[in-house]
Amino acid sequence: METIGQDLREMIRTPLASSHVEALRAAGKVVTYPKGTIMAQPGEKANRFVYVEKGEIEVVNPFTGERHYSSTIGPTQFMGEISLLYGGTASLPLRTVVDTRVIEVPREIFLTLLSQIPEMSDIIITVFAARRRRQLDERRSGLYLIGEEADRNVRRIAEFASRNRLPYTSVPLHSPEAEASAKSCAIDARTPAVIFGSKVPITDATPDKIARLLGLNIDFSGDEHFDVLIVGGGPAGVAAAVYAGAEGLCALLVEDIALGGQAGTSSRIENYMGFPTGISGADLLWRGEVQAMKFGARFAMPRRVTALEVQEKGDFCAIFENGQRVRARAIVVASGVQYRRLPLERLADFEGSGVYYSATDMEARYCKDTEVVIIGGGNSAGQAAMFLSRYARCVRVLVRGASLAASMSSYLTSRLEADRGITVEYNCEVTALEGGEHLEGLTIRNAETGQSRKVVTRALFIMVGAAPNTEWLSGLVKLDDKGFVITGLGSPASPFATSYPGVFAVGDVRAGSVKRVASAVGEGSVVISKVWEHVNQKAT
């Protein structure tokens, strides 16, 4: 299956061409740092590109101060990671091993060079992506989680980091690693904790706090103006960001949880053109994010739009949950849908502690040696069943209807039927949940026979329904009776134009859309031509 980058250990190193180095030299400055200089600290702004001409730089363990990897950065190589593209922060400390001479280029100038010299851009971004993959594979980062398996709040941080492809290290409570790190921070080793880089634990850690430390959550002053605001980071939204950036529009994408939307919760997408061995939804959207950032699009998350207002000159003002505002000439509604929460008693008690709405590597860890129950009859439920069957003792898929023919792709249905570890039960529903602090069992009722039975399980996955995220539109555009945005009504003429000029809708949130990743990407790509037309009409 395709992943987010090449294996750094197997890559054939391609040095920058002499013309690339000269371009860097002309744009930056040459600096010599003495041995032992800290070149970057976790949480420190990634504000420059550093090319090594002479010397050596090592990655440092933030707790021990010792070398973190056996390999180092030497002449013709360069510092940096993906966070440099979006103005984030460093994730691990870097230190000179010997006196080291480098070329330093400020971030904004460096991004301009990337857009002007595609050959150099290809080399650098490939290396950045491979470095991110290595950190994810080896779970090495300045973000350190203790007790993920025991604490729901720590699991929320792990979920946020995992879904956004942010590297983190996770160690069990009471493990030797947890004891050592707790001691270095002077905290109780028996208490779950979140630590970032500087050996200082983060109290009341939330995804918002972590995003700020990593440079993902942007504070807006209120007078920032964009050509287009894209609300939602699913396939449609990210595709719109790629094309908006490529067309020279000043674009901002905001997402309230994690990039990917419902597609991001899929462990394996096999029917998207160009990936014959499949790709996870999170990896596919991560690639799109990097592509959009290369073209200059900006991302902010977790950031939720709560209301949309129209200003005097026809521009729009989006209001965020924290009261901050941004203005834009056009709006692309790509806020998608969310799985419906079933009317089950104690459902909220078990969400994140046995009840899940996505099936990724993170949730799979909680499914070992248990029977997994999945509610849903769509492709997401089918993909989840195939993926989780590799970890669980067995997988039971519950479908309310009498068939999968109308809701699931044929290739997935055939695989479910052929897999001995998967059972599909029709005309069934869950009526009750049981457990203490964690889900321990549930009751299944057959609607045809009326019979109920109890199943012992620690993992229930709910993947049913599609409730559109349109409350924030403040009644500005027409919706259908289910809350989906009606399109094809406005001006300029476009199948994605809403009833209000300058507001466009794409992807699952649009009434009548085909709920597939490929169609969402197509809609997000195509809509930008009309956004560009609208923005330029207003400008003239």
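Everything that follows concerns the structure shown earlier in this document.
The paragraphs below set out a description of the structure included in this document. (Residues numbered from 1 in each chain as written. Predicted model: local features only at pLDDT ≥ 70, side-chain atom pairs only at ≥ 80, totals over all residues. Heavy atoms only, no water.)

## Focus on the overall build of the chain
Thinking step 1. Of regular secondary structure, the chain possesses 14 helices and 26 strands.
Thinking step 2. In summary, the chain has a C-alpha radius of gyration of 24 Å against a globular reference of 24 Å for 540 residues, a match within 12%.
Thinking step 3. Seen along its three principal axes, the alpha-carbon backbone of the chain occupies a region of about 80 × 65 × 45 Å.
Thinking step 4. Looking at the 540 residues of the chain, the share that counts as buried comes to 56%.
Thinking step 5. Once local pairs closer than 6 in sequence are excluded, the contacts in the chain between residues at least 24 apart make up 69%.
Thinking step 6. Here the chain has roughly 23100 Å² of accessible surface; of this, 50% comes from carbon and sulfur atoms. (Helix = DSSP H or I, 4+ residues; strand = E, 2+ residues; numbered from the N terminus. Rg over C-alpha atoms; globule rule 2.2 N^0.38 Å. Buried < 20%, exposed > 50% of the residue type's maximum accessible area, 1.4 Å probe, protein only. Contact = heavy atoms within 4.5 Å. Areas by Shrake-Rupley, 256 points an atom, 1.4 Å probe, with all protein chains shown as cover.)

## Structural notes on the pairing of strand S3 (residues 48–54)
Thinking step 1. Here S3 lies mainly inside the structure; 5 of its 7 residues are buried.
Thinking step 2. Note: S3 against strand S6 (residues 100–106), 6 bridges, orientation antiparallel. If you follow Val52 over to S6, its bridge partner there is Val102. (Pairing = 2+ DSSP bridges.)

## What to know about helix H5 (residues 152–163)
Thinking step 1. Here H5 is 12 residues long and its end C-alpha atoms lie 16 Å apart, about the 16 Å a rise of 1.5 Å per residue gives.
Thinking step 2. Of all the positions in H5, only Val154, Arg155, Ile157, Ala158, Phe160, Ala161, Ser162 and Arg163 are classed as buried.
Thinking step 3. Contacts made by the buried residues of H5 are with strand S7 (143–146), strand S9 (193–196), helix H7 (207–213), helix H9 (281–294) and helix H11 (361–364).
Thinking step 4. Capping the start of H5, Asp151 holds a side-chain oxygen 3.0 Å from the backbone nitrogen of Asn153, two or three residues further along.
Thinking step 5. Just past H5, the residue Arg165 takes up positive phi, approximately 55°. (Expected span 1.5 Å × (residues − 1). Polar contact = N/O pair within 3.5 Å; in protein donor to acceptor, adjacent residues only side chain to side chain.)

## A closer look at the packing of helix H8 (residues 235–246) against H9
Thinking step 1. Closest axis-to-axis distance for the H8/H9 pair is 8 Å, and the angle between their directions is 25°. Comparing the axis directions of H8 and H9 gives the class roughly parallel. The crossing of H8 and H9 is left-handed. Seen from H8, the contacting residues are Pro235, Val238, Ala241 and Val242; seen from H9, they are Leu285, Gly288, Glu289, Gln291 and Ala292. (Axes fitted to C-alpha atoms, helices over the stretch in contact; angles between N-to-C directions. Parallel < 35°, antiparallel > 145°, perpendicular 65-115°, else oblique. Left-handed = near helix turned anticlockwise from the far one by under 90°.)

## Some remarks on the pattern of salt bridges
Thinking step 1. Under the defined criterion, the tally for this structure stands at 29 salt bridges.
Thinking step 2. We note a salt bridge from Glu104 to Arg48, for which the minimum N-O separation is 3.1 Å. Highlighted residues: Glu104 in strand S6 and Arg48 in strand S3, separated in sequence by 56 residues.
Thinking step 3. Take Glu104: its relative accessible area is 8%, and that puts it in the buried class.
Thinking step 4. With a closest N to O distance of 3.2 Å, Lys454 and Glu434 form a salt bridge. With Lys454 in strand S23 (residues 452–456) and Glu434 in strand S21 (residues 428–435), this pair connects stretches of sequence that are 20 residues apart.
Thinking step 5. Taken together, the shared-partner salt bridges in this structure form one network comprising Glu22, Arg25, Glu53 and Arg101. (Salt bridge = Lys/Arg side-chain N within 4 Å of Asp/Glu carboxyl O.)

## Section: the side chain of Glu53
Thinking step 1. Relative to the assigned elements, Glu53 resides in strand S3.
Thinking step 2. Looking at Glu53, its side chain comes within polar contact range of the side chain of Arg25, at 2.6 Å.
Thinking step 3. Among residues more than four places away in sequence, those in contact with Glu53 are Arg25, Val30, Pro75, Arg101, Val102 and Ile103.

## Topic: the packing of aromatic side chains
Thinking step 1. Scanning all chains against the criterion turns up 11 aromatic pairs.
Thinking step 2. Note on Phe220 and Phe226: the rings are 6.4 Å apart at their centroids and 85° apart in plane angle, and the pair reads as edge-to-face.
Thinking step 3. Phe220 sits in the buried class, given a relative accessible area of 6%.
Thinking step 4. On the accessibility criterion, Phe226 (2% relative accessible area) is buried.
Thinking step 5. Judged by centre distance (6.0 Å) and plane angle (15°), the rings of Tyr356 and Tyr366 are stacked. Taken together, the residues span a long stretch of sequence, with Tyr356 in strand S17 (residues 355–356) and Tyr366 in the loop between H11 and strand S18 (371–375) at a distance of 10 residues. The two residues Tyr356 and Tyr366 agree in class, both being buried.
Thinking step 6. Grouped by ring-pair contacts, the aromatic residues Phe49, Phe78, Phe110 and Phe128 constitute a single cluster.
Thinking step 7. Over the ring of Phe295 we find Lys294; its NZ or CZ atom is 5.3 Å from the centre of that ring. (Phe/Tyr/Trp six-rings, centres within 6.5 Å; stacked < 30°, edge-to-face > 60°. Lys NZ or Arg CZ within 6 Å of the ring centre and 35° of its normal.)

## Thoughts on the sheet that holds S7
Thinking step 1. Pairing within the open sheet is mixed, and its 3 strands lie in the order S8-S7-S9. At either end of the open sheet lies a strand with only one pairing partner, and these are strand S8 (169–171) and S9. Pairwise comparison of adjacent strand axes, ignoring direction, gives a mean angle of 15° for this sheet.
Thinking step 2. In this sheet, S9 lies alongside S7 in antiparallel orientation, the contact comprising 4 bridges. Paired with Tyr144 across the two strands is Ile195, which belongs to S9.
Thinking step 3. In this fold H5 packs onto S7 and S9, with an angle of close to 140° to the strand it touches most, S7.

## As for the sheet that holds S21
Thinking step 1. Across the sheet, which stays open at both edges, the 3 strands sit in the order S21-S22-S23 with antiparallel pairing between neighbours. The sheet is open, and its two edges are formed by S21 and S23, each paired on a single side. On average, each strand axis in the sheet is inclined to that of its neighbour by 25°, with strand direction left out of account.
Thinking step 2. As paired strands, strand S22 (residues 439–446) and S23 are joined by 5 bridges and run antiparallel to one another. From the neighbouring strand, Arg445 faces S23, where its bridge partner is Ser452.

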